[in-house]
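Read off the chains here:
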There are 2 protein chains.
Amino acid sequence: MADKPKITYVRGRGLAEVSRLIFAVQDVETTEEHITTNEEFQKIKATGKLMFNQLPLIEIDGLCLIESQAQGNYLGHKYNMLGKTDLERGRVQMLFAGSNSFNSVSGPFWFFMPAEARADAKKSAIEKGKTRYLPVFEKVLTENGTGFLVGSEATIADCALFNILSCMKEMPEYNNILDNFPQCKAFVDTFSAIPGVKKYLESPRRFPPPDDAYAKEVRAALY
Amino acid sequence: MADKPKITYVRGRGLAEVSRLIFAVQDVETTEEHITTNEEFQKIKATGKLMFNQLPLIEIDGLCLIESQAQGNYLGHKYNMLGKTDLERGRVQMLFAGSNSFNSVSGPFWFFMPAEARADAKKSAIEKGKTRYLPVFEKVLTENGTGFLVGSEATIADCALFNILSCMKEMPEYNNILDNFPQCKAFVDTFSAIPGVKKYLESPRRFPPPDDAYAKEVRAALY
């Protein structure tokens, strides 16, 4: 019997979360190893498992997979979550890339910034989310009309969108931003209700959104 | 008969080049429309074809595809350039992502920077290329031993690697950096000799590496 997929990463959602959500949609059990110190990071680098010395690492099917977009595409192929037709495949890839950009532009990255730059970074992140990304996803969800971004089942694009939208819903810093985007708000509930996802979100395996302590640990371990 | 794929972008390699190289490997003819002013960019945005208001755009199979990694994956699927086994698929995705990072970290992006920051940016780009990326690709090419990164045919990862390595070979700023990485140097020749690629590289469709005039035009058109 094949081993469970193993994720090696820091103790947070970060760049591993989209893959964790793909596993959750499929209700696939995984194991995790958490890097909390720089010594541990050096040790895992020395194994040669990290092609570009990056985390997260997913060990699966005898492969050491790094780089989050590569992981999303590999798992998407394995679990048939890349769309069913050429048209769907193209849209899934665009919306996967767009969701990842949305997350990197509007996600709570300000925890990793010096105190004096945070207020501006937070304001700009929220503003770009409101004007540049949320209107596009609101439109796509409205037009598709199934509760998911493409077709009628969750794809890797939905996992990446849920990653950022669930953060926006949970964190008071975002000021209920989703109230103005009802389809996006409903999407969070629809995705959360997928049985494997529900189980995952209610488990201790789902990390809380980032905070200062998390940012401090990650900086110490990986930088 | 299906129309030729159409690429809409600025007059340079930039984010369209990996897709152009995929088409070249397949010897697929494309048409191009070039955006040289901000008015033209606003006009294409107004058509609604650009999901996240980004270029390049590829119109293919009735789809308006934006985002370069999405384009790479879509075309890779269409032309069977994503690897043939699970192991190959995983490696192609990692090396595609790694080549794109390599390009964004070590590519000639300094043309887009203010004059006073250029020297440092150039130095850092070259240093990171030498220490962080080239040794990995040198090792992968040595171990695979076919002249390509994965398996024995060009995949999207090879197209993305050629994009940055050909720049390094052509631009005097890189000081013959590839001389210390013989497998990478040989790869540029192997890839250039693919019949469709050879035809493309010798045609007026292949843009030269970026220069000041190009950077000025792009800034005026897209920013």
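No experiment lies behind these values; they were computed from the predicted model shown. (Residues numbered from 1 in each chain as written. Chains lettered and ligands numbered in written order. Predicted model: local features only at pLDDT ≥ 70, side-chain atom pairs only at ≥ 80, totals over all residues. Heavy atoms only, no water.)

1. A few points about the overall build of chain A
When you go through chain A residue by residue, the secondary structure sums to 9 helices and 4 strands. Counted from the first residue to the last, chain A has its helices and strands arranged as β-α-β-α-β-β-α-α-α-α-α-α-α. The globule rule puts the C-alpha radius of gyration for 223 residues at 17 Å, and the 17 Å found for chain A is close to it. Structurally, chain A occupies a C-alpha span of about 50 × 50 × 30 Å along its principal axes. Taken over 223 residues, chain A has a buried fraction of 53%. About 10100 Å² of surface is accessible on chain A, with carbon and sulfur atoms providing 52% of the total. Across chain A, the 27 positively charged side chains and the 28 negatively charged ones have centroids separated by 2 Å. (Helix = DSSP H or I, 4+ residues; strand = E, 2+ residues; numbered from the N terminus. Rg over C-alpha atoms; globule rule 2.2 N^0.38 Å. Buried < 20%, exposed > 50% of the residue type's maximum accessible area, 1.4 Å probe, protein only. Areas by Shrake-Rupley, 256 points an atom, 1.4 Å probe, with all protein chains shown as cover. Lys, Arg positive; Asp, Glu negative; His and termini not counted. Charge placed at Lys NZ, Arg CZ, Asp CG, Glu CD.)

2. Here's the deal with the interface of chain B and chain A
Taken residue by residue, the interface counts 27 residues in chain B and 27 residues in chain A. For chain B, the biggest contributors to the area lost against chain A are M51, F52 and M94 of chain B; these three give 28% of the whole. Linking chain B with chain A are 0 salt bridges. At the junction of chain B with chain A, the criterion picks out 2 residue pairs in polar contact (both at pLDDT 80 or more). Put simply, the parts of the chain that give the side of chain B that touches chain A at least two residues each are β4 (63-66), α3 (68-78), α4 (86-106) and α5 (115-144) of chain B. At 10 residues, the largest contribution of residues to the side of chain B that touches chain A is made by α4 of chain B. Counted by class, the side of chain B that touches chain A contains 16 nonpolar, 6 polar and 5 charged residues. (Contact = heavy atoms within 4.5 Å. Buried area = accessible area lost by both parts, 1.4 Å probe. Salt bridge = Lys/Arg side-chain N within 4 Å of Asp/Glu carboxyl O. Polar contact = N/O pair within 3.5 Å; in protein donor to acceptor, adjacent residues only side chain to side chain. Nonpolar A, V, L, I, M, F, W, Y, C, P; charged D, E, K, R; others polar.)

3. Points about the domain arrangement of chain A
Residues and elements named next belong to chain A. Once the domains are mapped, chain A shows domain 1 (6-79 + 201-222) and domain 2 (86-192). With centres defined by C-alpha atoms, the gap from domain 1 to domain 2 works out at 21 Å. Between domain 1 and domain 2, the contact holds 21 residues from the first and 19 residues from the second. Note on domain 1 versus domain 2: buried area summed over both sides is about 1700 Å², and carbon and sulfur give 66% of it. It is V18, L21 and P210 that lose the most area in domain 1 upon contact with domain 2, and together they represent 26% of the buried surface on that side. There are 3 salt bridges connecting domain 1 and domain 2. (Domains from an automatic or database assignment.)

4. Considering the sheet that holds strand β3 (residues 57-60) of chain A
Residue and element names in this part refer to chain A. The strand order across the open sheet formed by 4 strands is β2-β1-β3-β4, and the pairing between neighbours is mixed. Either end of the sheet is taken by a strand with one partner, and the two such strands are β2 (31-34) and β4 (63-66). The average undirected angle you get between the axes of adjacent strands in this sheet is 20 degrees. Sheet analysis places strand β1 (residues 6-9) next to β3, joined by 3 bridges and oriented antiparallel. Bridge pairing in β3 places I7 opposite I58. (Pairing = 2+ DSSP bridges. Axes fitted to C-alpha atoms, helices over the stretch in contact; angles between N-to-C directions.)

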